[in-house]
Amino acid sequence: MDKTSVAGTILGLLLITIGIKISGSLKMFFDISSIFIVFGGGCCSLLVAFKAEKVKSALAGIRLAYKAPKEYNFMKLISSILMIAESARKEGILSLEPKIAEIEEPFLARLLQLVVDSVDAKLIGEVIDTEIQATSQRHTDVIDAINFLASVTPAFGMIGTIIGLVCLLGNLDDPSSIGPNMAVALVTTFYGTVSANLLLMPFAKKLGERAQEEDMYNDIIGRGVILIASGTNPRIIQEKLLSYLSEKSRATFNELHLAEELSQNA
């Protein structure tokens, strides 16, 4: 469970609820027809705009925003790549083959197998670029669909407002219909605005941040493997890969790496 997503959603809805309670009654803000107009209309618009597969992915992405994200340990990954580079430098590239099965990261294992199979570094680079671009495109498709849904829900709120006003103006001779029609007119706008700004746009932003983190993780793997295949000195590999990290993370990595070297030499 993603604690920040859950906490933000609950706190946001709670604050809105408190504001409603202070100003009036919660019953005034519950309207079935408004729900159908905003959320039903938004989902139908999503179906019109995107293929069924992308719609499913977008709805799954909304659920993922509340699930705990995959943890990317960048320092551990760089350490693993450096150990592999040291082994390749001392024992040769072929010495990596029995170690590939022990590697937990599938992408890294697949690329190292290509290196062991003596595939040209340029071809390996093309495989890396294709993998990263395809993964990034899948994330982009999901984020675009959610952003699209966020853009149309306020519009359907306005459609509900127009419907309510038309019904109101068409029944001015019936005073009892003025209240319900005005409620539909205003509550639909409320639903559309809240769902877009509290839920959908934040969902898309959260998934975008996760996608950037995954892209950087895969980029580190790709860069590291290409450098290993090119026979680059592990010290140079370390400096190049550490450039992905913040200054604080670099300092922490160097301290841990130095402590490890001292313990090995002791």
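Refer to the structure presented above.
Please read all numbers here as calculations on a predicted model, not as lab measurements.

**A few points about the overall build of the chain**
The helix and strand tally for the chain stands at 10 helices and 0 strands. Going from the N terminus to the C terminus, the chain shows its helices and strands as α-α-α-α-α-α-α-α-α-α. Scaling as 2.2 N^0.38, a compact globule of 266 residues should have a C-alpha radius of gyration of about 18 Å, whereas the chain reaches 27 Å, well beyond that. Oriented by its inertia axes, the alpha-carbon framework of the chain measures out at about 90 × 40 × 25 Å. Burial status across the chain gives 36% buried among its 266 residues.

**Description of the packing of helix 6 (residues 106–116) against helix 7 (residues 121–170)**
With their axes 10 Å apart at the nearest point, helix 6 and helix 7 run at an angle of 160° to one another. With respect to helix 7, the axis of helix 6 lies roughly antiparallel. Note that helix 6 runs across helix 7; the crossing there is right-handed. In this structure, helix 6 uses F107, R110, L111, L114 and V115 to contact helix 7, whose residues at the interface are I124, V127, I128 and E131. A per-class count over the contact of helix 6 with helix 7 returns 7 nonpolar, no polar and 2 charged.

**Notes on helix 1 (residues 3–23)**
A rise of 1.5 Å per residue sets the reference length of helix 1, with its 21 residues, at 30 Å; its end C-alpha atoms lie 30 Å apart and thus fit the reference within 8%. Taken as a whole, helix 1 has its buried residues at S5, V6, T9, G12 and I20. Projection of helix 1 onto a plane perpendicular to its axis shows the buried side chains occupying an angular sector of 145°, all on one side. Opposite the packed face of helix 1, turned more than 90 degrees from it, sit the exposed residues K3, T4, I10, L15, K21 and I22.

**What about the packing of helix 2 (residues 32–49) against helix 7?**
Two elements in contact, helix 2 and helix 7, have axes separated by 8 Å at closest approach and are oriented at 135°. As judged from the angle between their axes, helix 2 and helix 7 are oblique. Between helix 2 and helix 7 lies a crossing whose hand is right-handed. Here I37, V38, G41, G42, C43, S45, L46 and A49 of helix 2 come into contact with helix 7, specifically with A145, F148, L149, V152, T153, F156, G157, G160 and I163. Here the residues of the contact of helix 2 with helix 7 sort into 11 nonpolar, 6 polar and no charged.

**Focus: the packing of aromatic side chains**
The final tally for this structure, using the stated rule, is 8 aromatic pairs. Aromatic side chains Y72 and F74 sit 6.5 Å apart centroid to centroid with 35° between the ring planes, which places their arrangement in the tilted category. In this structure F74 comes out as buried when scored by relative accessible area, which is 12%. With centroids separated by 6.0 Å and ring planes inclined at 50°, the aromatic side chains of F190 and Y191 adopt a geometry described as tilted. Exposure remark for Y191: the relative accessible area of 11% places this residue in the buried category. Here the aromatic cluster, defined as three or more aromatic residues joined through ring pairs, consists of F29, F39, F190 and Y191.

**Topic: a negative patch on the surface**
On the surface, a cluster of negative charge is contributed by D120, E126, D129 and D219. Along the chain, the position of D219 falls in helix 8 (residues 175–229).

**Overview of the nonpolar core**
Judged by nonpolar contacts, the single largest core of 33 residues is most densely connected at I78, I220, I221, V225 and I237. Looking at this core element by element, the count peaks at 8 residues for helix 4 (residues 74–91). Residues V55, A65, L149 and A204 belong to the second largest nonpolar core, which totals 18 residues.

**A few points about the side chain of E105**
For E105, the position within the fold is in the loop between helix 5 (97–100) and helix 6. Other than its neighbours up to four places away in sequence, E105 contacts K70, Y217 and I221.

**Considering the pattern of salt bridges**
Within this structure, the stated rule accounts for 4 salt bridges. Here E131 and R110 are joined by a salt bridge, their closest N and O atoms 3.2 Å apart. One end of the pair, E131, is in helix 7; the other, R110, is in helix 6, and 21 residues separate them in sequence. For R110, a relative accessible area of 44% puts it in the partly exposed group.

Criteria and cut-off values
Residues numbered from 1 in each chain as written. Predicted model: local features only at pLDDT ≥ 70, side-chain atom pairs only at ≥ 80, totals over all residues. Heavy atoms only, no water. Helix = DSSP H or I, 4+ residues; strand = E, 2+ residues; numbered from the N terminus. Rg over C-alpha atoms; globule rule 2.2 N^0.38 Å. Buried < 20%, exposed > 50% of the residue type's maximum accessible area, 1.4 Å probe, protein only. Axes fitted to C-alpha atoms, helices over the stretch in contact; angles between N-to-C directions. Parallel < 35°, antiparallel > 145°, perpendicular 65-115°, else oblique. Left-handed = near helix turned anticlockwise from the far one by under 90°. Contact = heavy atoms within 4.5 Å. Nonpolar A, V, L, I, M, F, W, Y, C, P; charged D, E, K, R; others polar. Expected span 1.5 Å × (residues − 1). Arc of directions from axis to C-beta. Phe/Tyr/Trp six-rings, centres within 6.5 Å; stacked < 30°, edge-to-face > 60°. Patch = residues over 30% accessible without salt bridge, like charges linked within 9 Å, V, L, I, M, F, W, Y side chains within 5 Å. Areas by Shrake-Rupley, 256 points an atom, 1.4 Å probe, with all protein chains shown as cover. Salt bridge = Lys/Arg side-chain N within 4 Å of Asp/Glu carboxyl O. Lys, Arg positive; Asp, Glu negative; His and termini not counted. Charge placed at Lys NZ, Arg CZ, Asp CG, Glu CD. Core = buried A, V, L, I, M, F, W, Y, C linked by side-chain atoms within 4.5 Å.

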